[in-house]
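# Results of the structural survey
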Amino acid sequence: MTNVASCGDDDAVDGSGIIKPAVPAQVQDAIRTLIEWAGDDPTREGLLDTPQRVGRAWLEYCQGYKEDPAVHLGRVFEEVGGYDEVVMLKDIPFQSHCEHHMAPITGKASIAYLPDKRVVGISKLARVLHGFARRLQIQERLTAEVAQCIWDNLQPHGVAVVIEAQHGCMTGRGVRTPGVGMITSRLLGCFLDDHRSRKEVLGLMGYG
Ligand SMILES: [Zn+2]
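Residues numbered from 1 in each chain as written. Predicted model: local features only at pLDDT ≥ 70, side-chain atom pairs only at ≥ 80, totals over all residues.

Naming follows an unreviewed UniProt entry, where the chain appears as GTP cyclohydrolase 1 of Parerythrobacter lacustris. UniProt's Pathway (unreviewed entry) comment on the chain is quoted here verbatim: "Cofactor biosynthesis; 7,8-dihydroneopterin triphosphate biosynthesis; 7,8-dihydroneopterin triphosphate from GTP: step 1/1." Its UniProt record, at the heading Sequence similarities (unreviewed entry), says of the chain: "Belongs to the GTP cyclohydrolase I family." (UniProt positions renumbered as here; feature names shortened; annotations may be inferred.)

Here it is as structure tokens:
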């Protein structure tokens, strides 16, 4: 990647023509303060451009604030050829950040719904997930928000969302316990009310 000279508040263009958003001075100052507080010297060569890089990285990590994930469910198909079984996207990898430590949450999500006449392009389920994941989150709320968004917009018979993730704030600090996954689930409609439907969908997700 081409280095970009210090650019104040103006957007910068790198060697490949990609526009890099400006990182305001106060954001860069905040990151310098954090580096110093952590014990390093923000004026040493290797850290000089770090405040800008970190600022831009956080814009990307938190892109979800700029979108309403429901827009991805706006285009539905009503011609489903009589299909009335579960539609599922399994093991979708995602990244988020915990709102308590701003540490990475990395994991996978399985999202399923039982359509009532309306289906969406399958990639849209992943887009809804990323729209909510690219914010400061807790895993429980992320799980609930994805499920509720599909429930409200597709009005299906049922929605099931299961998320399994590792939390940087647990692996890299605090109890420092790597390899432990946290599992959260949200079941709505028939997957909540009907024991057999729930068993079927969780089985398809690999949690049977
Ligand atoms: Zn945390």
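### Observations regarding the overall build of the chain
Looking only at helices and strands, the chain features seven helices and seven strands. For the chain, the sequential pattern of α-helices and β-strands runs β-β-α-α-β-β-α-β-α-β-α-β-α-α. The dimensions of the chain, computed from C-alpha atoms along their principal axes, are 65 × 40 × 25 Å. Each of the 208 residues in the chain was classed as buried or not, and the buried ones make up 25%. Taking the contacts inside the chain whose residues are at least 6 apart along the sequence as the reference set, 64% of them involve residues at least 24 apart. (Helix = DSSP H or I, 4+ residues; strand = E, 2+ residues; numbered from the N terminus. Buried ≥ 20, exposed ≤ 12 C-beta atoms within 10 Å, placed from the backbone. Contact = placed C-beta atoms within 7 Å.)

### Some remarks on the domain arrangement of the chain
Segmentation of the chain into domains returns domain 1 (12-61) and domain 2 (77-205). One C-alpha centre belongs to domain 1, the other to domain 2, and the line joining them spans 33 Å. (Domains from an automatic or database assignment.)

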